[in-house]
Amino acid sequence: MATPPPVLKHLLLVGPPGSGKGTLGPHLSDLLSVPHISSGQLLRASVDTGDPHHINEQVSRGHLVPDRVVAQVVAEYLANGFILDGYPRNVRQADELDRVLAADGRQIQLVLELVMPDDVASARLSRRARMESRSDDNPDTVAARLVTYRREAVPLLAHYADRVRRVSASGDLDEVFQRAERALSSLPKGARAQQAAPSADG
Ligand code: AP5
């Protein structure tokens, strides 16, 4: 197993629906001793507890919920490092996250991009739909989620370009875990440069 740099505690998981963010997140959380935070899980939990933000319909249809709602829901989990899964999802959310982190001298260190063709992602989600009951796993909604991802991911990944590591998310779990661990074994150039700066990560 590759040894990750000990300072790695502000990490993003970016990938299409079904690419395994929610599966890899807990594994990396154990490896790095940093909490895995899934915006989708937090939003579904919010819907299940009375839907105070009135987002049930958007989540069920696979539409993005308003940026201010996600920012509010995620905010309280950002204090002590994180593996963030599903947030930020667009450049506006990335700007907001960067702003919050910069307020105490922090920044995103590494973005793990899980790369997966749409047909493989769809197949995984239709398998999950047969086993679990997630309201957004029907074929039309999965297709809409994939379209949204392809539209938003390009500028989002460009925003963090110097800190992105691409990992193929195809293949069995062990293969994907090993690829991800290798990707974490050194910080990207952009993150090293920021770490060397006086106000960088503490
Ligand atoms: P979210 O919960 O983030 O869903 P998603 O991005 O569509 O991703 P999934 O959870 O479906 O897939 P995953 O990549 O986590 O894969 P998983 O590990 O589960 O968002 C849901 C909704 O919330 C959004 O549509 C939106 O409405 C809202 N939302 C969330 N964040 C938002 C934001 N920032 N802004 C606005 N709105 C937001 O794996 C999938 C399946 O594959 C599982 O069954 C798993 O067991 C299986 N699997 C995983 N890896 C493998 C493997 N290697 N081999 C075989 N099977 C595998």
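Residues numbered from 1 in each chain as written. Predicted model: local features only at pLDDT ≥ 70, side-chain atom pairs only at ≥ 80, totals over all residues. Heavy atoms only, no water.

A. Here's a closer look at the overall build of the protein. Within the protein, the secondary structure is distributed over nine helices and five strands. Scanning the protein from its N terminus toward the C terminus, one meets helices and strands in the order β-α-β-α-α-α-β-α-β-α-α-β-α-α. Taken over C-alpha atoms, the radius of gyration comes to 16 Å for the protein, in line with the 17 Å a tight globule of 202 residues would show. Over its C-alpha atoms, taken along the principal directions, the protein stretches across nearly 45 × 35 × 30 Å. Put simply, the protein has 202 residues, and 47% of those count as buried. Total accessible area on the protein is roughly 10,000 Å²; 52% of this is exposed by carbon and sulfur atoms. Charged side chains of the protein number 24 positive and 25 negative; the gap between the two group centres comes to 4 Å. (Helix = DSSP H or I, 4+ residues; strand = E, 2+ residues; numbered from the N terminus. Rg over C-alpha atoms; globule rule 2.2 N^0.38 Å. Buried < 20%, exposed > 50% of the residue type's maximum accessible area, 1.4 Å probe, protein only. Areas by Shrake-Rupley, 256 points an atom, 1.4 Å probe, with all protein chains shown as cover. Lys, Arg positive; Asp, Glu negative; His and termini not counted. Charge placed at Lys NZ, Arg CZ, Asp CG, Glu CD.)

B. Broad picture of the pattern of salt bridges. Applying the stated criterion across every chain, the model contains 13 salt bridges. A salt bridge links arginine 92 to aspartate 67; its shortest N-O distance comes to 2.6 Å. A residue pair is termed long-range when its members are at least 10 positions apart, and arginine 92 in helix 5 (residues 91-102) and aspartate 67 in helix 4 (residues 67-75) qualify at 25 residues. Given a relative accessible area of 55%, arginine 92 falls into the exposed group. You can call aspartate 67 partly exposed: its relative accessible area is 22%. A salt bridge links arginine 166 to glutamate 113; the shortest N-O distance between them is 3.0 Å. Pair noted here: arginine 166 is in strand 5 (residues 164-168) and glutamate 113 is in strand 4 (residues 110-115), with a separation of 53 residues, a long-range link. (Salt bridge = Lys/Arg side-chain N within 4 Å of Asp/Glu carboxyl O.)

C. The arrangement of the packing of helix 5 against helix 7 (residues 139-159) in detail. The contact between helix 5 and helix 7 brings their axes to 9 Å, and the two run at 30°. With respect to helix 7, the element helix 5 is oriented roughly parallel. Between helix 5 and helix 7, the contacting residues are Val91, Ala94, Asp95 and Asp98 on the first element and Pro155, Leu156 and His159 on the second. Taken together, the residues that form the contact of helix 5 with helix 7 break down as four nonpolar, one polar and two charged. (Axes fitted to C-alpha atoms, helices over the stretch in contact; angles between N-to-C directions. Parallel < 35°, antiparallel > 145°, perpendicular 65-115°, else oblique. Contact = heavy atoms within 4.5 Å. Nonpolar A, V, L, I, M, F, W, Y, C, P; charged D, E, K, R; others polar.)

D. Region of the structure containing the site of the ligand. As a matter of local geometry, the ligand sits amid 33 residues, with Thr23, Ser39, His63, Arg89 and Arg145 nearest to it. Glycine 20 is positioned such that a nitrogen or oxygen atom in its backbone is 3.0 Å from an oxygen atom of the ligand. Compared with its free state, where it exposes 1,000 Å², the ligand has 88% of that area covered by protein. Contributing elements (two or more residues each) for the shell around the ligand: helix 1 (21-32), helix 2 (39-48), helix 3 (56-61), helix 6 (118-131) and helix 8 (173-183). Take the shell around the ligand: its biggest share by element is four residues, from helix 2. Its residues assigned to classes, the shell around the ligand shows eleven nonpolar, 13 polar and nine charged. (Near = heavy atom within 4 Å. Polar contact = N/O pair within 3.5 Å; in protein donor to acceptor, adjacent residues only side chain to side chain.)

Everything listed here is a matter of geometry and, on its own, says nothing about what the molecule does.
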